[in-house]
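# Understanding the architecture of this molecule
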Amino acid sequence: MSFAARQIARQRIDILFQQAVGLRKSNPAIAQRYIITARKIAMATRIRLPANYKRRICKNCHEILVHGQNCRVRVKPKREKHVVVTCLSCGARTRYVVKPKRGKIKID
């Protein structure tokens, strides 16, 4: 895959995500379809989706997650400190580990 093809794919993924966010309230089915299409483009061109895109969609139902509206966010201190995002549409849970910033030394 050439560099130009990857650039075009990234642009199309960005456009699809922006369109999906705009259509989320008025037509959620089309927004969901845009998300699925963007993910297919990324897989076909072997491009990783940016973390901010990945964390804004449900991996189970492909819906755009908006904190407080269709997902619940909880911070859990057990084991490693982590954030649990629960999709209220399908009930899927995603866990993200919160790592401390590098360079800071914790003194007890």
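The sections below set out a description of the structure shown in this document. Each residue is numbered by its place in its chain's sequence as written, counting from 1. Only residues with pLDDT of 70 or above have their local features reported here, since the model is predicted, and side-chain atom pairs are shown and tallied only from 80 upward, although totals for entire chains, interfaces and linings are computed over all residues. Excluding hydrogens and water, the side-chain values take into account all heavy atoms of the structure.

### Section: the overall build of the protein chain
Comment: elements are numbered from the N terminus, with helices defined as DSSP H or I runs of at least four residues and strands as E runs of at least two. When helices and strands are counted, the protein chain shows 3 helices and 3 strands. Only C-alpha atoms enter the radius of gyration; for comparison, a globular chain is expected to reach 2.2 Å times N to the power 0.38, where N is the number of residues. Taking 13 Å as the expected radius of gyration for a compact globule of 108 residues, we find that the protein chain reaches 17 Å, considerably beyond that expectation. Judged by the C-alpha coordinates and their principal axes, the protein chain covers about 50 × 35 × 20 Å. When the accessible surface of the protein chain is totalled, it reaches about 8300 Å², and 52% of it is carbon and sulfur. Averaging the coordinates of the 27 positive side-chain charges in the protein chain and doing the same for the 4 negative ones gives two points 5 Å apart. Only the protein chains shown count as covering a residue, and every accessible area follows the Shrake-Rupley method with a 1.4 Å probe. Counted as positive: Lys and Arg. Counted as negative: Asp and Glu. His and the chain ends are not counted at all. Think of each charge as sitting on NZ of Lys, CZ of Arg, CG of Asp or CD of Glu.

### Some words on the pairing of strand S2 (residues 82-87)
Looking along a regular strand, one sees side chains alternate from face to face of the sheet. With a 1.4 Å probe rolled over the protein chains alone, any residue whose accessible area is under 20% of its type maximum counts as buried; one over 50% counts as exposed, and the rest are partly exposed. The element S2 is largely enclosed, with a buried count of 6 among its 6 residues. Two strands are said to pair when DSSP picks up at least two bridges between them. Looking at chain direction, strand S1 (residues 71-76) and S2 are connected through 6 bridges and run antiparallel. When the bridges of S2 are listed, Val75 appears paired with Val83. Counting the residues that bridge the hairpin from S1 to S2 gives 5 residues, and of these Arg79 lies at a positive phi of roughly 50°. Between S2 and strand S3 (residues 93-97), which pair antiparallel and follow one another directly, the connecting turn spans 5 residues, one of which, Gly91, has a positive phi of 85°.

### Topic: helix H1 (residues 3-23)
Helix length check: H1, at 21 residues, gives a terminal C-alpha distance of 30 Å against a target of 30 Å (1.5 Å per residue), a fit within 8%. Listing the buried residues of H1 in full gives Ala9, Ile13, Leu16, Phe17 and Ala20. Buried residues in H1, looked at end-on, bunch into an arc of 100°, giving them a common side. The outward face of H1, more than 90 degrees from its buried face, is lined by the exposed residues Phe3, Gln18 and Gly22. Given the number of residues in a helix, its expected span is that number minus one, multiplied by 1.5 Å. Picture the helix axis, draw a direction to every C-beta atom, and the arc is the one those directions span.

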